[in-house]
Structure formats: structure tokens, C-alpha cells
Amino acid sequence: MPAPQDSFQVRPSSNATILPEESIGRQFHEPKDGTPSSVVAYHTTPTPSYPDRSLSENLSGSLEVADYVASLRATGLFPRLAESGPYTVFAIPNLPLEHYAARWQGGLQAEQNLPALKRLLKYTIVSGLWDDRTIRRAVARHKGQGIGLKTLAGDVLSVHVDTTTNELVLNNQTGETNRLWLVNVPQSNGVLYFTQGVLPPAAVR
């Protein structure tokens, strides 16, 4: 396995992008029996993502994608995101991943489901630096048609620009779509996006 990225070859930066943690607060429900409780208990401090730190470091600090990170660790893929890359990652937030996992007997991290989980996660990682500007330029060269990005799973993840909203939209080979929540966060070894849902490859349903 390739060595982790050499931090001495990364230009230091004090800039940061604040990663969303919106689903944490939504987990609070006012107790019906009058038990003392407060939404303050579900408050989280802002999570910064620094461009001079790797995908593995910045993802590890975000509660919003804690399930995604745990799944990467369970399948042995997490060390990949510490390498030099570059990689483009379409990370799945907790809520959609939990809803998707509920469809699988025993959950996605059950031993019998790990191969499918690994294939799904590999479909969220693309080799190369595909930031927003690069994607839009490639789409423009294809006269507005979607472009195909080869994922670590070997499957092609398609990206097109919605002509109504001008947003980037992901497509799989069966025509399902997935919109993006967080876009174009620079990392020392790539670029990070958060999706709004789960988009499995054709081989994983």
C-alpha cells in the first residue's frame, strides 16, 4: 500500500471551510413526559476543514459523516484517503446512509454485507482532482452532456449540470440521481463533496 501523504510537501494554510453538522441538531425531540432536556445537548461546535490536511484528517473531524468514516474503516478503505492521491470524494452523510443501511439484513457492516458496502464506498471515491471548475469545464467541452468519472469500484459515476439550477448532479448507470449538499472543499490530497443521498453502483442495490 502506498505511504501516507508527506505533510512536509504540503503548503501550510490557516484558511478553513466549515463543514455542515446540521443533522446533529435535528436529532433533538422535546420529551413528551416532561423530562428536563435541551437542544443545547445536541449542539456541536463548527467543524473546520483545512486545505493543508488530508481527506482522512478532515473527514475524521466531522460528526456529519461519522457513519461514512466508520464504514471506510470497516472495509479497510480509510487509509487510502491519507495517501497523496489526489482523490475526489463524494461523502455520504449519516442520515441517508443509515436509511440505506436499514434495507440490508443485519446492516451494511454485517459480515455478509461487507463486500457490497465496500463496493458502494468505492463508488464514492474517484481518482484525480475533480473540483467544481474542472467538472464544469469538462461538461462544457462535451456540449453540456454529462461526463463519466471512473471510481475505485471500476464503475463509472456520471456528473452533469442541471440546466435549471446550474447545480452539479450525480448519476449512476441505471439513471438514478444524487444531488450535492457541500461542494468543492479543497483538501491537501484532493477535493471533498457531501451528497444529499446514497447513489449505489448498478451492482449494489
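Preceding block: the structure.
Remember, it's a predicted structure, so these values are computed and weren't measured experimentally. (Residues numbered from 1 in each chain as written. Predicted model: local features only at pLDDT ≥ 70, side-chain atom pairs only at ≥ 80, totals over all residues. Heavy atoms only, no water.)

## Here we look at the nonpolar core
Here is step 1: In this structure, Leu59, Tyr68, Val89 and Leu192 are the most contacted members of the largest nonpolar core, which totals 31 residues.
Here is step 2: Those elements that place two or more of their residues in this core are helix 2 (55-60), helix 3 (66-74), strand 3 (87-91), helix 4 (94-101), helix 5 (114-122), strand 8 (177-187) and strand 9 (190-195).
Here is step 3: Among the elements that line this core, the one with the most residues is helix 5, at four residues.
Here is step 4: Ignoring any residue separated from it by four or fewer positions in sequence, one finds Leu59 in contact with Val65, Tyr68, Val69, Leu81, Ala91, Leu192 and Phe194.
Here is step 5: In terms of nonpolar packing, the next biggest core, distinct from the first, is built from 17 residues, Ile135, Leu170, Tyr193 and Leu199 among them. (Core = buried A, V, L, I, M, F, W, Y, C linked by side-chain atoms within 4.5 Å. Buried < 20%, exposed > 50% of the residue type's maximum accessible area, 1.4 Å probe, protein only. Helix = DSSP H or I, 4+ residues; strand = E, 2+ residues; numbered from the N terminus. Contact = heavy atoms within 4.5 Å.)

## Re the packing of helix 3 against helix 5
A pair of packed helices is characterised by two quantities: the angle between their axes and the separation of those axes.
Here is step 1: Viewed as axis vectors pointing N to C, helix 3 and helix 5 meet at an angle of 120 degrees, and their least axial separation amounts to 10 Å. The pairing of helix 3 with helix 5 is recorded here as oblique in orientation. As helix 3 runs across helix 5, the sense of the crossing is left-handed. On helix 5, the residues touching Tyr68, Ser71, Leu72 and Ala74 of helix 3 are Leu114, Leu117 and Leu121.
Here is step 2: In terms of residue class, the contact of helix 3 with helix 5 is built from six nonpolar, one polar and no charged. (Axes fitted to C-alpha atoms, helices over the stretch in contact; angles between N-to-C directions. Parallel < 35°, antiparallel > 145°, perpendicular 65-115°, else oblique. Left-handed = near helix turned anticlockwise from the far one by under 90°. Nonpolar A, V, L, I, M, F, W, Y, C, P; charged D, E, K, R; others polar.)

## Considering the pairing of strand 7 (residues 168-171)
Here is step 1: Of the two faces of strand 7, the one lined by Leu168 and Leu170 and the one lined by Val169 and Asn171 are each fully buried.
Here is step 2: Two strands pair when backbone bridges link them, and strand 6 (residues 156-161) and strand 7 are joined in this way by four bridges, in the antiparallel orientation. The residue of strand 7 that forms the bridge with Ser158 is Asn171.
Here is step 3: The hairpin turn running from strand 6 into strand 7, its antiparallel successor, is six residues long, and Asn166 in that turn takes a positive phi close to 65 degrees.
Here is step 4: With three bridges joining them, strand 7 and strand 8 adopt antiparallel strand pairing. What sits directly across from Asn171, in strand 8, is Thr177.
Here is step 5: Connecting strand 7 to the next strand, strand 8, in antiparallel fashion are five residues, including Gly175 with a positive phi near 90 degrees. (Pairing = 2+ DSSP bridges.)

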